[in-house]
Amino acid sequence: MPIPATRENLTAALARADESSRAARVERIEWLAQHYFHPGAVMGELAVLHMLEEARLCFISGHFVGALLLATSFVEQTLSEELENVVPVQERRTFELMIKAGRQHLPLPSDLFDRTDRLRLLRNPFTHRKAPDHPEAFGTRFLATKAHPATILEADAKLAMEVMYEWFRRTLRSA
């Protein structure tokens, strides 16, 4: 029968875990500082602003799938809001349709929409079940690149953070 963990044992184990992951977290904070944008007080939808912050915290902590999902959700919500009074609701039914509509109707760089669509494709296997051999499936990407899964996920999360902060910067309005 396992010995129940005491508060002291848990505290010591967490200290060891913190120590072993500290250097990687510092590197991620330094990388993120190049992309992070915080203009001061920001007003907006609470859920969307919370996703922005949680994506940052997930990335720093190395929770790359969480960072990818939250950042992509932030981008999707932001794009939806930008298109709300621009295109009919049927052109905003899916993220893919919103990206197409945004390309046509929003004064934003084409490469931002290219990266946003790439982000959508990276997110899809985590939110929509794919066959194991589907070209967008994470396992397929792993086998094709022969890179460690954490390396692939970190690169995906970095793209997600860059795109999220660019959408945030480009759609921020002053009161």
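Preceding this section is the structure that the text describes.
Reference entry: report on the structure contained in this document. (Residues numbered from 1 in each chain as written. Predicted model: local features only at pLDDT ≥ 70, side-chain atom pairs only at ≥ 80, totals over all residues. Heavy atoms only, no water.)

Observations concerning unusual backbone geometry
Counted only if it meets this: Under the scheme used here, helices are H or I runs from DSSP no shorter than 4 residues and strands are E runs no shorter than 2 residues, and both carry numbers assigned from the N terminus. Between buried and exposed lies partly exposed: a residue is buried under 20% and exposed over 50% of the maximum accessible area for its type, with that area taken using a 1.4 Å probe on protein chains only.
The phi dihedral of Lys-146 falls on the positive side, at around 55°, and the residue is not glycine. Tracing the backbone through its elements, the reader meets Lys-146 in the loop between α6 (138-145) and α7 (149-171). Classification of Lys-146 by relative accessible area gives exposed; the value is 71%.

Overview of the pattern of salt bridges
Worth spelling out the cut-off: A carboxyl oxygen of Asp or Glu within 4 Å of a side-chain nitrogen of Lys or Arg is what we treat as a salt bridge.
Applying the stated criterion across every chain, the model contains eleven salt bridges. Note that Arg-170 is salt-bridged to Glu-166, the shortest N-O span being 2.8 Å. Of this pair, Arg-170 and Glu-166 are both found in helix α7, four residues apart, which corresponds to roughly one turn of the helix. Taking the relative accessible area as the measure of exposure, Arg-170 reaches 44% and is therefore partly exposed. When salt bridges that share partners are traced, they join Asp-111, Arg-115, Glu-166 and Arg-170 into one network.

Thoughts on helix α5 (residues 110-127)
Our working definition: Every helix has an expected span of 1.5 Å times one less than the residues it contains. Whether two residues are in contact is decided by their heavy atoms, any of which lying within 4.5 Å being enough.
With 18 residues, α5 should cover 26 Å at 1.5 Å per step; its first-to-last C-alpha distance of 25 Å lies within 8% of that length. Burial in α5 covers these residues: Leu-112, Phe-113, Thr-116, Leu-119, Arg-120, Leu-122, Arg-123, Asn-124 and Pro-125. Where the residues of α5 are buried, they touch α3 (64-83), α4 (95-105), α6 and α7.

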